[in-house]
Amino acid sequence: MFFNKIRAFIALCLMGSAGLFGQQTISTNGISFSYEVKNDMLNCTLKAETQGWIGVGFNSRNSIVGSDLLLFNIIGGKPSSTDLYVKGAGNPKKDSELGGTHSIQILEAEEIGNTSMVQFSIPMD
């Protein structure tokens, strides 16, 4: 089951740049990702049939390497986020370690039963 979630996550990462403007919803293998461009922000909703960590990656190429990887989890009703850049396969680094900043703003998050959902916003640049 873990590997099915990983495959679904990777598929979602690769599809994440499919429609860059306006709004779009992508669903695959129990994971849905919606986004809307509003001014200079990208407002997103990520929902997955899982407990624990959920995440999405953004890349203009068909690869997890070079992607902006955003991970979330909810523990005791409190969400947390990690903002990463994938330098190589299996080698993500925190943006802050690479001279960048943690730019995720969590708007809402919940874990109900076996489903986790997070709404967040990130700058378009």
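Pairing is antiparallel in the open sheet, where 5 strands are placed in the order E1-E2-E3-E9-E8. At either margin of the open sheet sits one strand with a lone partner, and together these are strand E1 (23–28) and strand E8 (105–112). For this sheet, the mean angle separating the axes of adjacent strands, direction not counted, is 10°. Two elements, strand E2 (residues 31–38) and strand E3 (residues 41–48), share 8 bridges in a ladder whose sense is antiparallel. By the bridge assignment, Ile31 is partnered in E3 with Ala48.

Further remarks concern the confidence of the model for the protein. Scored by pLDDT, the protein comes out at a mean of 83, with 82% of its residues at no less than 70. Contacts of residues 1–19 to residues separated by more than four positions or lying in other chains number 29 contacts, the stretch itself having pLDDT below 50.

In the sheet, strand E5 (residues 68–75) pairs with strand E6 (residues 78–88) via 8 bridges, with the strands oriented antiparallel. Looking at the pairing, Phe72 lines up with Ser81 of E6. Taking the residues between adjacent antiparallel strands as the criterion, E5 and E6 are bridged by 2 residues, where Gly76 takes a positive phi near 60°. Examined bridge by bridge, E6 and strand E7 (residues 91–94) share 4 bridges and lie antiparallel to one another. Of the residues in E7, the one forming a bridge with Tyr85 is Lys93. The antiparallel pairing of E6 with E7 creates a hairpin that spans 2 residues between the two strands, and Gly90 there sits at a positive phi of about 70°.

Residue placement: Leu107 occurs in strand E8. Put simply, Leu107 and Val118 are 11 residues apart on the chain and 7.6 Å apart in space, counted from C-alpha to C-alpha. Residues contacting Leu107, with those up to four places away along its chain left out, are Gln119, Phe120 and Ser121.

This part takes up the environment of Gly55. Among the structural elements, Gly55 can be located in strand E4 (residues 54–58). Given a relative accessible area of 7%, Gly55 falls into the buried group. Between the alpha carbons of Gly55 and Ser81 there is a distance of 9.2 Å; along the sequence they are 26 residues apart.

Criteria and cut-off values
- Residues numbered from 1 in each chain as written.
- Predicted model: local features only at pLDDT ≥ 70, side-chain atom pairs only at ≥ 80, totals over all residues.
- Heavy atoms only, no water.
- Pairing = 2+ DSSP bridges.
- Helix = DSSP H or I, 4+ residues; strand = E, 2+ residues; numbered from the N terminus.
- Axes fitted to C-alpha atoms, helices over the stretch in contact; angles between N-to-C directions.
- pLDDT = per-residue confidence, 0-100.
- Contact = heavy atoms within 4.5 Å.
- Buried < 20%, exposed > 50% of the residue type's maximum accessible area, 1.4 Å probe, protein only.

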